[in-house]
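Residues per chain, in single letters:
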Amino acid sequence: MSWGTELWDQFDNLDKHTQWGIDFLERYAKFVKERLEVEQNYAKQLRNLVKKYCPKRSKDDEPRFTSCLSFYSILNELNDYAGQRELVAEEMALKVYNELMRYSQDLKAERKHHLQEGRKAQQYLDQCWKQMDNSKKKFERECKEAEKSQLNYERLDSDINATKSEVEKAKNQFYMRTHMADESKNEYAAQLQNFNGEQWKHFNNAIPHIFKNLQHMDERRTVKLGETYRSFAEAERKVIPIISKCLDGMVTAAKAVDERKDSSLVVESFKSGFEPPGDFPFEDFSQNLSGTGSDGTISNTPKGERERDGVQGPRSEPKPTLGKAKNKLWLFGKKPKAPSLEDFSHLPPEQRRKRLQQRIEELSRELQKQMDQRDALNKMKDVYEKNPQMGDPTSLQPKISETICNMEKLRSEIHKNETWLSEVEGKQSSRGDRRPSTDNHQHTPQGRESPEGSYTDDTSQEHHTPHRRPGPTQPANRNPDLHEFDDEFDDDDPLPVIGHCKALYYFDGKNDGTLMMAEDEVLYIIEEDKGDGWTRARKQSGEEGYVPTSYVEITMEKNSKGS
C-alpha cells in the first residue's frame, strides 16, 4: 500500500513515525555496541586467565607429565577461543554497529530533506488558500457595499423631496459599487480556480511523491535492520567451526592424559640410580668378654662360607660410622644439601646422566649455530673478495676468528661433558652387572657413596672379575717369608682383637700371607697398619692374614689400641 494515497492527510503522524524508526535503529546500534563490548571484555578476561595460569618458567623447567601438557594445551585452545571472541566483536563493530551509525546519519539527512519539501508544499498551498480567502472576503465586502448603495439609490429615487443631484450622486455610487463587486467577483473566481488547481497538485502530486520517498526511506531502514540482524548472527556463525576445533582440541588434550606415562616420568625424573641400603650389621659388644666366641654367638658370615670353612665362627659386626649411616638414611629424613658442581657430581647418578646429556645437546646445538655462522661469514667473505665494491673482506676476519674460538670452546666443553657422561655410564654399567652370586651366597655389594650422595670409585681402576666392585690401588705386594707367618700364626696365644673392620671391596688374597675377603664382610683387627698399607685381620672363622688398609673401613675398640 502507498502512503501517498492512503495517508495523504497524515503528514504529522508520518513525521513522528519516521523519527521513531530512526530512534529504534540507533537503539539497536547501541545494543550491538554493548554486545560487542561484552565480547571484548570476555575475550580480555579469558586472555588474562590464560596468562595467569600459563607456565612462567622455561619449557625445560616445566613438568612433562601428560596431565600438565594437556592442561597447557587446553590453555592454548582457550587462548585461541578468546581470539575468536575478539573476531566476533570486530565483526559486530565493523559490519553492524559502524554500518548502523553511518546509515542512521544518512536517514536523518534524507528524512529532513523530504519533510522540508512537504512543509514547503504545505506552505505554498496555505499561501494560495489565503489569497483565495482574501479575494473571497473582498468580494463579499464589495457585494454588501453594492447592495447598500443600491438601497440608497432606490430610496432617494423614490423620495420626492430628494434633489436631482442627490439622486444622481446615489446613482453613480451604486454603479461604482456594482462595478467593484464585479471586479472582486472576477478576482475571487480566479483565486479560487488557482487554489483548487494548486490543491489538486498538492494532494495528487507533491504530497504523494514526498510520502512515497518517506515510505521508501522507511522500508530501506527496515531492510537494513534485517540485514544487520543477519550480520549479527553471521558474526557468531563464522567462528563456530574454529570454536568447535578449539573444543575438539580440549577433548583431545583430555584424552591424552596417561596415568601410566606420568608414573613413568616420575620414576625417570627422580630415579637416583642408587641401590637400596643393605641391612645394618649386628653390633657384638660381648667380643671382649670371650675372645673365641661361643656356640650362642650370632654370626654374620654367610652360611655357605661357614660351611666351607667348617667353623661356626662368632659374628661381630662393626658399628657403622655416623657419616655412612646418615648417607644411607636420607630417604627417611632430611636430605643433606650438596653444593652445585659443574660436573653435576652432587646429583644421583641417573639424574647426573640426564643433566649431562641435556647439557651436551644444548652445547651441540650452540656449536651448530656457530658453525652455520662461520659458514655464512666465509661465504660473505668470498663475495666481498669477488666484488670489492660490496665490502671489505678483511673486516669480517675478526668475527670469523671469534666464531672459530667459540667453536673450539664449545668442542672442549662437549668433550669434557662427554667424559663425565662416559664415567657415569661406566659406573652404572658396572652396577648393572653385579648380581647376587648363587655359588658363594654373598650379599649383593652396595655402592660406596660420599656423604653428599655421589660415587667416589674410579672407573679407570675397575676390576675385571665379574660381580666384583672395583677397589683402590693396592699397596705393594706383601710377600713375607713363609716361616715368618708360621712363627706368627703358630703362636699358642692368639693376638687380642683391637677393633673390627668392614670390607669395602672384594680382595682375592692370592699372595701368601694375605687374607681373601668378600665385599661387606666383617673382620677383626688384630694389628694396625705399620705404615706399609697393610692391616692384619682375622676372620670370624679364625683365619688370619693381611688385607689392604684402603679396602676396609676400620673401627677401633675403645681402650684396645696398643694392647
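A quick note: this is a predicted structure, and the numbers were derived from the prediction, not measured.

Colleague: With reference to specific residues and values, describe the confidence of the model for the protein.
Modeller: Within the protein, residue pLDDT values average 78, and 77% of them lie at 70 or more. Across the protein, the element-wise mean pLDDT spans from 40 in helix 7 (residues 322–328) up to 92 in helix 2 (residues 11–53). Scored below 50 in pLDDT, residues 291–336 shows 80 contacts in the model against residues more than four places distant or in partner chains. In this model, residues 434–471 is a region of pLDDT below 50 whose contacts with residues beyond four sequence positions or in other chains number 82 contacts.

Colleague: So what's going on with the pattern of salt bridges? Residues and values would help.
Modeller: Overall, the coordinates contain 30 salt bridges when judged by the stated rule. For R35, the salt bridge identified is with E39, shortest N-O distance 2.6 Å. Taken together, the residues span about one helical turn, with R35 and E39 both in helix 2 at a distance of four residues. The class for E39 is buried, based on a relative accessible area of 4%.

Colleague: So what about the environment of N79? Which residues, and what values?
Modeller: Structurally, N79 is set in helix 3 (residues 66–158). Classification of N79 by relative accessible area gives partly exposed; the value is 26%. As for N79 and V50, which are separated by 29 residues in sequence, their C-alpha atoms are 6.4 Å apart. In contact with N79, other than residues within four places in its own chain, are R47 and V50.

What counts and how
- Residues numbered from 1 in each chain as written.
- Predicted model: local features only at pLDDT ≥ 70, side-chain atom pairs only at ≥ 80, totals over all residues.
- Heavy atoms only, no water.
- pLDDT = per-residue confidence, 0-100.
- Helix = DSSP H or I, 4+ residues; strand = E, 2+ residues; numbered from the N terminus.
- Contact = heavy atoms within 4.5 Å.
- Salt bridge = Lys/Arg side-chain N within 4 Å of Asp/Glu carboxyl O.
- Buried < 20%, exposed > 50% of the residue type's maximum accessible area, 1.4 Å probe, protein only.

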